[in-house]
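Chain by chain, the residues:
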Amino acid sequence: MDRLIISGNKKLKGSISIHGSKNAALPILVASLLSNQNLTLENIPNVADINNMLKLLEGCGVKIIKNKNSLIINSKNLKNISADYDIVRKMRASVLILGPLLSRFGYCKISLPGGCAIGTRPIDIHLKGLKKLGAKFEIENGFVIGQVSKNLIGNKIKLPSPSVGATENILMAAVMAKGETLIDHAAREPEIVDLGNFLISMGAKIEGLGSNKIYIQGVNNLKATKYKIISDRIVAGTFIILAVMINSKIQVKNFNPNHLKSLIKILKKMGANMDVLNSSIKIYPSKKLKSAKIETAPYPGFPTDLQAQIMSLMSIVNGNSEIKETVFENRFMHVPELNRLGAEINLNKDIAFIKGNKKFKGAQVMASDLRASVSLVLAALCAEGKTTINRVYHLDRGYAEIEKYLGKLGAKIMRQKI
Ligand code: UD1
């Protein structure tokens, strides 16, 4: 298990280019199971979750030819239509294979999921939605076994809450179901729009992407395509927050700032000095940063995936801040670790109270989940002295070679293999 050793308080400057979106690439890779044609995908990020997904797909018999950040994927000859505990426990997104496999083969078996240790994260909304399309499920020895007697059949499905994964799973199942499907109260995240656009490029008929009502007209087959995945808005948001914390001139490039409106709004309100361009944001030193009160929410609200990072920032601005986490229970595991670095954050159920004006000081800390890990990297980069972050495999799930990436800006981050 690697660890990172970070020497803090170094002046960072320059520009950083954002890699492809992990959360868009995962469902798009899975959607390739729907087709027996060659699909070319570009802007695939080199992160552990993607490599695990490629292993899962290869285990099913999918042929993948990789070339840097692109790959050609072909699911013509599938041999195994199940996903075992070993892979699903590492990555909850494995549950997304249910929709496409039920659609193409009428059968799928997956181990019940693991993933980030944030809350209980059930899959009831996925299963209820797929049942509405005609699938039947049994739980046996820790596996979910899904079956369809003939074809999936379109239906009206109203989600109890806008789950990202459930919207994607049902969308993938519905594109080749018989007739029309409506996903009501659907999630609106840009990654879902990207999945939908990829499916449309293969010939799927989908309307309403990005709204809370998605209409799908089933088609009989999907054709070959070449598709470029969007850049990672959460990685971009993380580095924008870092630039504000470091208070220097940094440009974050190669992503769509429209995907980060809620973050930009709150940072500007806090006093951050930035220019928002078409596909980049320039951050400049700010005079005085002040506190804020935010709530996480499904898109277009403030992303839960940036909650830990903005908490790092809130610890060093003037005044006291508050964050209410409404999407996941138990997503405050970074709090004790940030406190070890000198923050003063208190929790009351789903609200974090963050005392401002703190100065981070280097310490030994433990990474607990993906976004929690990176909030510690941000704090460590601003800290006096040396910080050791243990268990960084969580970080590698979503950030490609962060030490090299940030090294280009002047950060001193060393990876130690133990
Ligand atoms: C996706 C993202 C994750 C992000 C999250 C919310 C991927 C691979 N991951 O996760 O980074 O933090 O969206 O933006 O894209 N829930 C249920 N039953 C279900 C499904 C979900 O109760 O069947 C609950 C979850 O426990 C959670 C909430 O709904 O409290 C949101 O989960 P969901 O939107 O499904 O997140 P994921 O798709 O797992």
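A few points on the structure. (Residues numbered from 1 in each chain as written. Predicted model: local features only at pLDDT ≥ 70, side-chain atom pairs only at ≥ 80, totals over all residues. Heavy atoms only, no water.)

### Points about the site of the ligand
Here is step 1: What surrounds the ligand is a group of 17 residues, the closest being Asp124, Ile125, Ser163, Asp305 and Val327.
Here is step 2: A distance of 2.7 Å is found between an oxygen atom of the ligand and a backbone nitrogen or oxygen belonging to Val164.
Here is step 3: Gly165 has a polar backbone atom sitting 2.8 Å from an oxygen atom of the ligand.
Here is step 4: When isolated, the ligand has an accessible area of 740 Å², and the protein chains bury 82% of it.
Here is step 5: Looking at the shell around the ligand, the elements that each hand over two or more residues are helix H1 (22–31), helix H5 (124–132) and helix H6 (164–174).
Here is step 6: The element best represented in the shell around the ligand is H5, accounting for 3 residues.
Here is step 7: Two domains each put at least three residues into the shell around the ligand: domain 1 (2–19 + 232–417) and domain 2 (22–228). (Near = heavy atom within 4 Å. Polar contact = N/O pair within 3.5 Å; in protein donor to acceptor, adjacent residues only side chain to side chain. Areas by Shrake-Rupley, 256 points an atom, 1.4 Å probe, with all protein chains shown as cover. Helix = DSSP H or I, 4+ residues; strand = E, 2+ residues; numbered from the N terminus. Domains from an automatic or database assignment.)

### As for helix H2 (residues 48–59)
Here is step 1: Its 12 residues place the ends of H2 16 Å apart at the C-alpha level, agreeing with the 16 Å of an ideal helix rising 1.5 Å per residue.
Here is step 2: Along H2, the residues that are buried comprise Asp49, Ile50, Asn52, Met53, Leu54, Leu56 and Leu57.
Here is step 3: Elements that come into contact with the buried residues of H2 comprise H1, strand E4 (63–67), strand E5 (70–74), strand E6 (82–83) and helix H3 (85–88).
Here is step 4: With its phi angle positive at about 100 degrees, Gly61 sits one or two positions after the end of H2. (Expected span 1.5 Å × (residues − 1). Buried < 20%, exposed > 50% of the residue type's maximum accessible area, 1.4 Å probe, protein only. Contact = heavy atoms within 4.5 Å.)

### Structural notes on the sheet that holds strand E3 (residues 38–42)
Here is step 1: Taken in spatial order, the 4 strands make up an open sheet running E4-E5-E3-E14, and their pairing is mixed. The open sheet has two edge strands with one neighbour each: E4 and strand E14 (225–228). On average, adjacent strands in this sheet sit at an angle of 15 degrees to one another, irrespective of strand direction. (Pairing = 2+ DSSP bridges. Axes fitted to C-alpha atoms, helices over the stretch in contact; angles between N-to-C directions.)

### Notes on the environment of Gln147
Here is step 1: Mapping Gln147 onto the fold places it in strand E9 (residues 143–147).
Here is step 2: Separated by 132 residues in the primary sequence, Gln147 and Ser15 place their C-alpha atoms 50 Å from one another.
Here is step 3: Those residues in contact with Gln147 that sit more than four places away from it in its chain are Leu102, Gly106, Tyr107, Gly134, Ala135 and Lys136.

### As for the packing of H1 against helix H7 (residues 190–201)
Here is step 1: Across the interface, H1 lies against H7 with an axial gap of 8 Å and an inter-helix angle of 30 degrees. The orientation of H1 with respect to H7, classified from their angle, is roughly parallel. The two elements H1 and H7 meet at a crossing, and its hand is right-handed. Judged by residue contacts, Asn23, Ala24, Pro27, Ile28 and Ala31 of H1 engage Glu191, Asp194, Leu195, Phe198 and Leu199 from H7.
Here is step 2: Residue composition of the contact of H1 with H7, grouped by class: 7 nonpolar, 1 polar and 2 charged. (Parallel < 35°, antiparallel > 145°, perpendicular 65-115°, else oblique. Left-handed = near helix turned anticlockwise from the far one by under 90°. Nonpolar A, V, L, I, M, F, W, Y, C, P; charged D, E, K, R; others polar.)

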